[in-house]
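# Structural description and commentary
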Amino acid sequence: MKKSKGKANSDAEKEFVFEFRAGKHKCVLKVPLQFPVQVNISDLHGRLMLLHKIPCYVEHDLKTSLSSFIEKETTVDYDREAELALQRLTTGEVDVNQLTGAWSKSYVETTLEHARPEEPSWDEDFADVYHELIHSPASETLLNLEHNYFVSISELISERDMEIKKLQERQASEMDKVMHELGNTLSDHDVNAVASQHFDAQQILENKWTSELKQVTEIQKQEYQEWVIKLHQDLQKSNNSSQINEEIKVQPSQLSEAADSGTRMFEEQSLLEESFTIHLGAQLKTMHNLRLVRADVLDFCKHRQHGSSGAKLRRLQTALSLYSSSLCGLVLLVDNRVNSYSGIKRDFSTVAKECTDFHFHCLEKQLEEVQQVLLYARAQQSSKQKDQSEIHRNGGDDKSKTVERNPSNILPGEFYISRHSNLSEVHVVFHLCVDDNLRSGNITARDPAIMGLRNILKVCCTHDITTVTIPLLLVHDMSEEMTIPWCLKRAELVFKCVKGFMMEMASWDGGISRTVQFLVPKSISEEMFYQLSNMLPQIFRVSSTLTLTSKQ
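Residues numbered from 1 in each chain as written. Predicted model: local features only at pLDDT ≥ 70, side-chain atom pairs only at ≥ 80, totals over all residues. Heavy atoms only, no water.

Okay, the overall build of the chain next. Secondary structure assignment for the chain yields 15 helices and 10 strands. Evaluated residue by residue, the chain yields a buried proportion of 39% over its 552 residues. (Helix = DSSP H or I, 4+ residues; strand = E, 2+ residues; numbered from the N terminus. Buried < 20%, exposed > 50% of the residue type's maximum accessible area, 1.4 Å probe, protein only.)

A word on the packing of helix α14 (residues 484–509) against helix α15 (residues 526–540). It is at 10 Å that the axes of α14 and α15 come closest, and there the two elements cross at 30 degrees. Crossing of α14 over α15 shows right-handed handedness. Contact residues: α14 offers Ile484, Cys487, Leu488, Ala491, Glu492, Phe495, Lys496, Lys499 and Met502, while α15 offers Met528, Gln531, Leu532, Met535, Leu536, Ile539 and Phe540. A per-class count over the contact of α14 with α15 returns 12 nonpolar, one polar and three charged. (Axes fitted to C-alpha atoms, helices over the stretch in contact; angles between N-to-C directions. Left-handed = near helix turned anticlockwise from the far one by under 90°. Contact = heavy atoms within 4.5 Å. Nonpolar A, V, L, I, M, F, W, Y, C, P; charged D, E, K, R; others polar.)

Our focus in this paragraph is a nonpolar patch on the surface. Judged by side-chain polarity, Leu86, Leu89, Val94 and Val96 come together as a nonpolar surface patch covering roughly 300 Å² of accessible area. Looking at the element boundaries, Leu86 is found in helix α2 (residues 59–91). For Leu86, a relative accessible area of 49% gives the class partly exposed. (Patch = residues over 30% accessible without salt bridge, like charges linked within 9 Å, V, L, I, M, F, W, Y side chains within 5 Å. Areas by Shrake-Rupley, 256 points an atom, 1.4 Å probe, with all protein chains shown as cover. Salt bridge = Lys/Arg side-chain N within 4 Å of Asp/Glu carboxyl O.)

Let us look at the packing of aromatic side chains. A ring pair, where both rings are aromatic, is described by two values, the distance of the centres and the angle of the planes. Counted according to the given criterion, the structure contains 13 aromatic pairs. Taken together, a centroid distance of 5.3 Å and an interplanar angle of 50 degrees make the contact between Phe16 and Phe69 tilted. One end of the pair, Phe16, is in strand β1 (residues 12–22); the other, Phe69, is in helix α2, with 53 residues separating them in the sequence. Relative accessible area serves as the criterion here: at 17%, Phe69 is assigned to the buried category. Between the aromatic rings of Phe35 and Phe69, the centroid separation amounts to 6.0 Å while the plane-to-plane angle is 75 degrees, which identifies the pairing as edge-to-face. Taken as a pair, Phe35 in strand β2 (residues 25–35) and Phe69 in helix α2 lie far apart in primary sequence, 34 residues in all. In this structure, Phe35 and Phe69 share a single accessibility class: buried. Three or more aromatic residues joined by ring pairs form one cluster here, namely Phe126, Tyr130, Tyr149, Tyr224, Tyr323 and Phe358. Here the basic side chain of Lys14 rests over the ring of Phe35, its NZ or CZ set 5.3 Å away from the ring centre. (Phe/Tyr/Trp six-rings, centres within 6.5 Å; stacked < 30°, edge-to-face > 60°. Lys NZ or Arg CZ within 6 Å of the ring centre and 35° of its normal.)

We now examine α15. Taking 1.5 Å of rise per residue, the 15 residues of α15 would be expected to cover 21 Å, and the 21 Å separating its terminal C-alpha atoms lies within 8% of that figure. What α15 keeps buried is the set Met528, Phe529, Leu532, Ser533, Met535, Leu536, Ile539 and Phe540. Down the axis of α15, the buried side of the element spans an arc of 165 degrees, and every buried residue falls inside it. Set apart from the buried face of α15 by more than 90 degrees, the exposed residues are Glu527 and Gln538. (Expected span 1.5 Å × (residues − 1). Arc of directions from axis to C-beta.)

On to the nonpolar core. Formed by 55 residues in total, the largest nonpolar core has its most connected members in Leu290, Val331, Leu472, Phe495, Met502, Phe518 and Phe540. Those residues in contact with Met502, other than ones at most four positions away along the chain, are Ile278, Leu280, His288, Leu290, Val516 and Phe540. (Core = buried A, V, L, I, M, F, W, Y, C linked by side-chain atoms within 4.5 Å.)

Turning next to the packing of helix α5 (residues 139–180) against helix α6 (residues 188–237). Between α5 and α6, the least distance of the axes is 11 Å, while the angle of their chain directions is 175 degrees. As summarised for this structure, α5 and α6 are arranged roughly antiparallel, according to the angle between their axes. Grouping the constituent residues of the contact of α5 with α6 by class yields 23 nonpolar, eight polar and nine charged. (Parallel < 35°, antiparallel > 145°, perpendicular 65-115°, else oblique.)

Under the defined criterion, the tally for this structure stands at 17 salt bridges. A salt bridge links Glu163 to Lys208; the nearest nitrogen and oxygen atoms lie 3.8 Å apart. Of the two residues, Glu163 is situated in helix α5 and Lys208 in helix α6; the sequence distance between them amounts to 45 residues. The class for Glu163 is partly exposed, based on a relative accessible area of 31%. According to the relative accessible area criterion, Lys208 is partly exposed, its value standing at 41%. Here the salt bridges do not stand alone but share partners, grouping Lys14, Glu73, Asp77 and Arg80 into one network.

On to unusual backbone geometry. With omega at 0 degrees, the peptide bond leading from Phe35 into Pro36 counts as cis. In this structure, Pro36 sits in the loop between β2 and α1 (41–51). Notably, Asp464 is not glycine yet its phi reads approximately 60 degrees, a positive angle.

Let us now look at the side chain of Ser321. In this structure, Ser321 sits in the loop between α9 (309–320) and β5 (327–334). For Ser321, a relative accessible area of 7% corresponds to the buried category. At 3.4 Å, the side chain of Ser321 forms a polar contact with the side chain of His427. Residue contacts for Ser321: discarding those within four places in its chain leaves Ser326, Leu327 and His427. (Polar contact = N/O pair within 3.5 Å; in protein donor to acceptor, adjacent residues only side chain to side chain.)

What follows concerns the state of the cysteines. As enumerated under the stated definition, the model contains zero disulfides in all. Considering cysteine sulfurs only, Cys461 is the nearest to Cys460, which forms no disulfide, with 6.8 Å between them. Overall, Cys460 belongs to the buried group, its relative accessible area being 1%. (Disulfide = S-S within 2.5 Å.)

Below is the structure:
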């Protein structure tokens, strides 16, 4: 017998006896049970029926008798242990003061009214201070400091790119010479050795710059946060903020140099945009704003180095709403791997690194946290499916297939979220997993990507995201198979589905006005764009208030 830790007596084995008749025969079932019983009574009853081949007509009687026996014997054991505990208390074997102290401690720790108030963290204090400063005359000072940090990071990135480019050109020249001598004085082994040396040199250089950029961003973040706290303290001591505003100014030379490089790096193409106002709802109608925009998805994330008035106003608006109930979100279509190594994910990661995030973790650390949560969720899901398969052994073929998937990958329609304070017009990015099936024209309203959009809109309603940008065609780049009929069919499907989801918003958030931006790739022709803009009011039944804006 195994002794139960902390109990008066050891676990006891008791015999359960059940008598029943099978025809003319009287049968007796005797089963030893270990008390306290740890298994589910229904499961135990099912196993007894199966192992001892009990007739089905006594199934209910067996379960009733088994439940009564376990309840009765458990009560007897508890009563006996209670009597022994009282005896130890009366005889002085147990210290009364120690016992009451333990009871009082447990009550205090588990009762909410006795819980200690949570102490504000550094992040919460910094968020409150920043929110107060950005809505004060010191906002210009903050933006100037952020811009100076941005220029310094951009210069480092340009220096890195130039050094990597020179290394690649030098290596290409060396490889051309080696290939020219191949077969004469050099062999394939020599070529492979040179290629290996080139690869190692590139890795060393990239790691060096990665480490340096990481160190610089960490220093900038620490300096910025300390400076913001100090600025807030100085403003509290003095009501005159004009002197503080003079501390940080963007130098004109920096602006002109940044303007030239910014013009080269971010050459703006023609921008087409149309805005609509709609009213949705059965009884209580809610006003929403719709926008159809032709632009690159990363244009909503990139900062402009030239510091133009338009870019500065966008940056100011993003900063003002950072800790508010009017956040801006963007849907980014990604593959099933949670990383930033290829495709649009790498481009987005590059943009996110161009400016230090002073409020949230860097993108890489956020992705690491997402990966850990994903692995934990997959482990819980796998354990649950195994438990269900043990109960229902005749089904669950499809579930077994999902368990065999790579647990570190997400499924189509699932998404993860990253938070940012260093992007131009976006606070939250929804990384929606899609597959190659979206490039076909056969998807339906039940496609995982469409259902993913619905879940994203639901998250927007529950987390104060009032502006969300959605890829209308569910692709970021056009290809040959995406003809005009394909685009019109896909746009109609997305328009109708989003309209249905927006009708549901009233039940999610009580009817709050929101802005939904439908984004189409830059490669869409103007004729195609205006066909889509004519389709939108027909589907959403746009009211008479229509705003048209076209920028080129």
